[in-house]
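A closer look at the structure
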Amino acid sequence: MELKNHTILITGGTSGIGLAFAQKFAELGNRVIITARNQEKLDKVLAENPDLTGFASDVSDEKSLTELSKFIVANFPDLDILLNSAGIMRAINLFDDELSLAELTAEVDTNLLGTIAVTQKFLTVLSKNHGTVINVSSGLSNLADGAHPIYNLTKAGVHFYSDALREQAKHFGHDLRVVELVPPLVAETNLEAHSDTTAPNNMRLSDLIEETLTGLSKNAERIDAGFAKTLHTMGKVDSEENTRKLSASMLRSYFPPTK
Ligand SMILES: NC(=O)c1ccc[n+]([C@@H]2O[C@H](COP(=O)([O-])OP(=O)(O)OC[C@H]3O[C@@H](n4cnc5c(N)ncnc54)[C@H](OP(=O)(O)O)[C@@H]3O)[C@@H](O)[C@H]2O)c1
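Residues numbered from 1 in each chain as written. Predicted model: local features only at pLDDT ≥ 70, side-chain atom pairs only at ≥ 80, totals over all residues. Heavy atoms only, no water.

- The chain has the name SDR family oxidoreductase in an unreviewed UniProt entry, where Lactococcus nasutitermitis is given as its organism.
- Word for word, the UniProt comment on the chain under Sequence similarities (unreviewed entry) is "Belongs to the short-chain dehydrogenases/reductases (SDR) family." (UniProt positions renumbered as here; feature names shortened; annotations may be inferred.)

**Considerations on the packing of helix α1 (residues 16-27) against helix α7 (residues 205-217)**
- Two elements in contact, α1 and α7, have axes whose closest approach is 10 Å; the angle formed by their N-to-C orientations is 60°. Of the possible angle classes, the one that applies to α1 and α7 is oblique. In the crossing of α1 with α7, the sense of the turn from one axis to the other is right-handed. Packed against α1, whose contacting residues are Gly16, Ile17, Ala20, Phe21, Lys24 and Phe25, the element α7 presents Leu205, Leu208, Ile209, Glu210, Thr212 and Leu213 at the interface.
- Looking at the contact of α1 with α7, its residues break down into 8 nonpolar, 2 polar and 2 charged. (Axes fitted to C-alpha atoms, helices over the stretch in contact; angles between N-to-C directions. Helix = DSSP H or I, 4+ residues; strand = E, 2+ residues; numbered from the N terminus. Parallel < 35°, antiparallel > 145°, perpendicular 65-115°, else oblique. Left-handed = near helix turned anticlockwise from the far one by under 90°. Contact = heavy atoms within 4.5 Å. Nonpolar A, V, L, I, M, F, W, Y, C, P; charged D, E, K, R; others polar.)

**Regarding the site of the ligand**
- Around the ligand, the structure places 30 residues, and the nearest of them are Thr14, Ser15, Arg37, Tyr151 and Val186.
- Residue Ile17 places a main-chain N or O atom 2.7 Å away from an oxygen atom belonging to the ligand.
- Here a nitrogen atom of the ligand and a side-chain polar atom of Thr189 are 3.0 Å apart.
- Here the shell around the ligand is built from residues that sort into 12 nonpolar, 14 polar and 4 charged. (Near = heavy atom within 4 Å. Polar contact = N/O pair within 3.5 Å; in protein donor to acceptor, adjacent residues only side chain to side chain.)

**Examining α7**
- Over its 13 residues, α7 runs 18 Å from end to end, which matches the ideal 18 Å to within 8%, given 1.5 Å per residue.
- Three or more residues of α7 are buried, namely Leu205, Leu208, Ile209, Thr212, Leu213, Gly215 and Leu216. For α7, the angular spread of buried residues about the axis comes to 160°, placing them on one side.
- Tucked into the core, α7 has its buried residues touching α1, β5 (132-136), β6 (177-182) and β7 (222-224).
- In the stretch just after α7, Asn219 is the one whose phi turns positive, near 60°. (Expected span 1.5 Å × (residues − 1). Buried < 20%, exposed > 50% of the residue type's maximum accessible area, 1.4 Å probe, protein only. Arc of directions from axis to C-beta.)

**Some words on the sheet that holds β7**
- Taken in spatial order, the 7 strands of this open sheet run β3-β2-β1-β4-β5-β6-β7, and their pairing is parallel. What marks the edges here is a single partner per strand, and that holds for β3 (53-56) and β7. When the angles between neighbouring strand axes are averaged without regard to direction, this sheet yields 15°.
- Examined bridge by bridge, β6 and β7 share 3 bridges and lie parallel to one another. Residue Leu181 lies in a different strand from β7, and its bridge partner there is Ile223.
- Relative to the sheet, helix α2 (residues 39-48) contacts β2 (31-36) and β3, its axis offset from that of β3 by approximately 180°.
- Of the strands in this sheet, β1 (7-11), β2 and β3 are in contact with helix α3 (residues 62-75), which crosses β3 at around 155°. (Pairing = 2+ DSSP bridges.)

**Quick look at the nonpolar core**
- Formed by 30 residues in total, the largest nonpolar core has its most connected members in Ile10, Phe21, Phe25, Val32, Ile34, Leu52 and Leu208.
- If you list the elements that add at least two residues to this core, you get β1, α1, β2, α2, β4 (81-84), β5, β6 and α7.
- The element best represented in this core is α1, accounting for 7 residues.
- Membership of the second largest hydrophobic core comes to 21 residues, among which are Val59, Leu68, Ala86 and Phe122. (Core = buried A, V, L, I, M, F, W, Y, C linked by side-chain atoms within 4.5 Å.)

**Points about the pairing of β1**
- Among the 5 residues of β1, 5 are classified as buried, and the element is accordingly described as predominantly covered.
- As paired elements, β1 and β2 share 5 bridges and run parallel to each other. From the neighbouring strand, Thr11 faces β2, where its bridge partner is Thr35.

**Describing the environment of Thr7**
- In this structure, Thr7 sits in strand β1.
- Thr7 sits in the buried class, given a relative accessible area of 0%.
- Spatially, the C-alpha atom of Thr7 lies 7.9 Å from that of Ile33, the residues being 26 residues apart in sequence.
- Those residues in contact with Thr7, other than ones at most four positions away along the chain, are Arg31, Ile33, Phe76, Asp78, Leu79, Asp80 and Ile81.
- One polar contact links Thr7 to Asp78, side chain to side chain, over a distance of 3.3 Å.

Set out below in structure tokens:
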């Protein structure tokens, strides 16, 4: 797949992974439209990146997605790549009984239902244009992570949804490629702003972009970037023991013992 002359919609394109891909895709000669909720941040990013087009939209709000869909159909009917990158992640104490159900499950709305809803809005046009859906899951989709219990399950959901969508496209004869991008820890993002950029499992944003572009050029269906390859193996071999180890280390880090 040559990454030039495409029309690419990127959700969550105002920071981190989404913004880095938007800049790279624009530099390679593609038309790029980014979305995010915060209009002020979007305006700032567009002022700094005049090659990009922006549209404020919330992936967890159906009305807002309908507006986005109208905008794309009217202005970019040749849309052929969708990158579902919008996402949030919180460390959650499941024993905190002050958390409302909405607070507890916000990641389900954005990461999982958001990915499904945005894809559904553009599936017909993407298929008609022989397009590609790229869903961003996470290395944490391979194992249960005790510190991010809801995030963790949303990314496992994105993984299974992506596999099922790919199989349906083949079964029903749609010319639609489905790619799962599985990043490891990428500390140069808002989502992981507190994380250590020198951690051995961290991947530089520029390396994530390069490894993804290589994967896309080789028509990979799943791109396990950097340490996500190890996490993939850990989820397949001795997964119960690896889950205990990963969760213990995450829980110590996010909820350090008080005494
Ligand atoms: N960073 C990592 O280590 C890492 C590792 C594995 C996977 N990932 C995944 O990579 C993706 C990008 O994350 P990132 O690290 O680049 O995070 P980030 O820097 O926090 O960027 C998240 C982007 O998503 C947007 N967003 C959040 N909620 C949204 C919503 N409801 N509707 C529309 N846009 C929304 C944000 O803008 P607004 O807040 O203005 O909406 C922002 O543009 C996520 O799916 C994340 O789970 C990240």
